[in-house]
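Residue-level listing of the chains:
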Amino acid sequence: PPDGTPEQLEEFNQWLIRWQSYQTELSNYWQRRYSAIYGAKLAKLSSKPKRKYEPANTTADFKWNLRYQELLDFRAEHGTVHVPKAFEYQYTAPGLGVWASKQKELKTKEKLNDSEAAKKSKLDLIGFFKEEPKDKLKFTMAWHSLYLALKEFRDLNGHVEIPQGYKPMPGTGMGTLDGWLKRQRDHFKHGRMPAHLRDKFTAVGVNLLAKGRPFGARTDEDFKDKYEKLVAYSLENGDCDVPKNYRKNPVLARFVQELREHYSQGILPQKRIVLLQDIGFNFFYGRKDSKCLTLDPWERKISELKAYKSKTGHTNVPRNFSLNLALGDFVFNQREAKKNDMLSNPKIKELNELGFSWLKPVRPPKKASHASNWEG
């Protein structure tokens, strides 16, 4: 205080210096945190490339062919010719989405001159005017933004095990990335994901057959990393039975549970089964059913599928087959595993010999349910 003793004034000055130093440190800390979280994104926003216009002093046909080639490049990268209207690709004035939407007018225009007819023919060849299936997921700006956020997370962290509640850009209205991934898995599970979107997930190492969190696929590199941690656990503890609530390494616990799930579903590659058997991995740990200890789970499902075929004459078990829901899931998983090159040749051969249908059957008109057929 101003009217205090010299000792009090000295003590007050020292306190003031410490307070100012604390405020400075606190300010610097939050600046570093803000820069670490948002720096890269702000740098991207501030360094947007200059708008790229179509070449000047060229004919209309030349410009059209230039944009048509841009559409072909877009298809090569994204697997579709259906461009969102706000999408900008190689040229930004106008963007590819705006140009593509104008080309749709060629389909409804009654009279076309020779140049317009030739353009329409070229677009027809790549399926440009074909309507997208209404029951399938679409490539949109929002979907693309979250996919780019997923790629960025993978590039920064080396995996796609998204933490719960993770928001790629807080304050922008964009939802959580882990929630979006869960919805993608649901779309895939119910057959709503088109091949070109599925391929994009495969490209970043995401396994859409995985259940729960982590959502990430087990690429060879990722499997090797976690396998080595499992070997270390085995050497320390004398077995590979990592508890579900293993607090030291919850990721390893989830990995072990996933291995047993994939083994029971018949989609664990044979080379990984051999590696796990070499370290004494117990695929049946925690199972109370004595049958599963004496019969391979994949073979058990095959025997159930044979029984189903002997009763119905086919192997197209529906997902909602009330008498054996797990068998419906098994049939679906075999189709998806083969589609994603996760099914071994011996298993493919055994299913072929059984007359397994790899294509999802067209749903017939409702008559009697499968359950009623079984019940006689």
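As shown above, the structure is provided for reference.
Just so we're clear, the structure is a prediction, and the values are computed from it rather than from any experiment.

**A word on helix α11 (residues 270-278)**
- Among the residues of α11, those classed as buried are R272, I273 and L276. Down the axis of α11, the smallest arc covering the buried residues is 105°, so these residues share one side. Opposite its buried face, α11 presents the exposed residues K271 and D278, each directed more than 90 degrees away.
- Of the residues one or two after α11, G280 is the one with positive phi, at around 75°.

**A word on the pattern of salt bridges**
- If you walk through the whole model with that rule in mind, you get ten salt bridges.
- In this structure, the salt-bridge partner of R67 is E70, at a minimum N-O distance of 2.6 Å. One end of the pair is R67 and the other is E70, both in helix α2 (residues 60-78) and three residues apart, which spans about a single turn. Side by side, R67 and E70 carry an identical accessibility label, which is buried.
- Of the charged contacts, one joins E131 and K107 as a salt bridge, the two residues approaching to 4.0 Å between their closest N and O atoms. Here K107 lies in helix α4 (residues 105-108) and E131 lies in the loop between α5 (114-125) and α6 (141-157), a separation of 24 residues in the sequence.
- Take E131: its relative accessible area is 64%, and that puts it in the exposed class.

**A closer look at a nonpolar patch on the surface**
- A contiguous nonpolar patch, built from F12, W15, L16, W19, Y22 and L26 and spanning about 580 Å² of accessible area, is present on the exposed surface.
- Among the secondary structure elements, F12 is positioned in helix α1 (residues 6-46).
- Since its relative accessible area comes to 36%, F12 is described here as partly exposed.

**A short note on α2**
- Across its 19 residues, α2 extends 27 Å between first and last C-alpha, which sits within 8% of the 27 Å expected from 1.5 Å per residue.
- Of all the positions in α2, only W64, R67, Y68, E70, L71, L72, F74 and H78 are classed as buried.
- Next to the buried residues of α2 lie α3 (96-103), α5, α6 and α8 (195-203).
- Immediately beyond the C-terminal end of α2, within one or two residues, lies G79, with a positive phi of roughly 80°.

**Details of the side chain of Q184**
- Summarising the element assignment, Q184 is placed in helix α7 (residues 177-189).
- The class of Q184 is buried, set by a relative accessible area of 3%.
- Once you skip the residues sitting within four places of it in the chain, Q184 turns out to touch L137, W143, M193, F201 and L208.

**Quick notes on the environment of G158**
- Within the secondary structure, G158 sits in the loop between α6 and α7.
- Each C-alpha atom of the pair G158 and D222 lies 9.2 Å from the other, and the pair is 64 residues apart in sequence.

**What about the side chain of K119?**
- With respect to the element layout, K119 can be found in helix α5.
- Looking at K119, the relative accessible area reads 17%, which means it is buried.

**Digging into the packing of aromatic side chains**
- Per the stated rule, a full pass over the model turns up 19 aromatic pairs.
- By the ring-pair criterion, three or more aromatic residues cluster together here, those being F74, F87, Y89, F139, W143, Y147, W180 and F201.
- Sitting over the ring of F128, K104 keeps its end group 4.2 Å from the ring centre.
- Over the ring of F223 we find R272, and its NZ or CZ is 4.5 Å from the ring centre.

**Observations concerning the nonpolar core**
- L71, L123, L150, W180 and F201 are the most contacted members of the largest nonpolar core, which has 37 residues in total.
- Taken together, the elements giving at least two residues each to this core come down to α2, α3, α6, α7 and α8.
- In terms of residues, this core owes the most to one element, α6, which gives six residues.
- If we ignore the near neighbours within four places in the chain, the residues touching W180 are W143, L146, Y147, L150 and F201.
- Counting residues in each nonpolar core, the second largest holds 19 residues, with F223, L230, Y246 and L252 among its members.

**With respect to the packing of helix α13 (residues 297-312) against helix α15 (residues 345-353)**
- Look at α13 against α15: their axes get within 11 Å of each other, and the N-to-C directions meet at 10°. It follows that α13 is roughly parallel to α15 by the angle criterion. Here α13 runs over α15; the crossing is right-handed. From α13, W298, E299, I302 and L305 reach across to α15, where they touch K347, E350 and L351.
- Residue composition of the contact of α13 with α15, by class: four nonpolar, no polar and three charged.

Quick notes on the rules
- Residues numbered from 1 in each chain as written.
- Predicted model: local features only at pLDDT ≥ 70, side-chain atom pairs only at ≥ 80, totals over all residues.
- Heavy atoms only, no water.
- Buried < 20%, exposed > 50% of the residue type's maximum accessible area, 1.4 Å probe, protein only.
- Helix = DSSP H or I, 4+ residues; strand = E, 2+ residues; numbered from the N terminus.
- Arc of directions from axis to C-beta.
- Salt bridge = Lys/Arg side-chain N within 4 Å of Asp/Glu carboxyl O.
- Patch = residues over 30% accessible without salt bridge, like charges linked within 9 Å, V, L, I, M, F, W, Y side chains within 5 Å.
- Areas by Shrake-Rupley, 256 points an atom, 1.4 Å probe, with all protein chains shown as cover.
- Expected span 1.5 Å × (residues − 1).
- Contact = heavy atoms within 4.5 Å.
- Phe/Tyr/Trp six-rings, centres within 6.5 Å; stacked < 30°, edge-to-face > 60°.
- Lys NZ or Arg CZ within 6 Å of the ring centre and 35° of its normal.
- Core = buried A, V, L, I, M, F, W, Y, C linked by side-chain atoms within 4.5 Å.
- Axes fitted to C-alpha atoms, helices over the stretch in contact; angles between N-to-C directions.
- Parallel < 35°, antiparallel > 145°, perpendicular 65-115°, else oblique.
- Left-handed = near helix turned anticlockwise from the far one by under 90°.
- Nonpolar A, V, L, I, M, F, W, Y, C, P; charged D, E, K, R; others polar.

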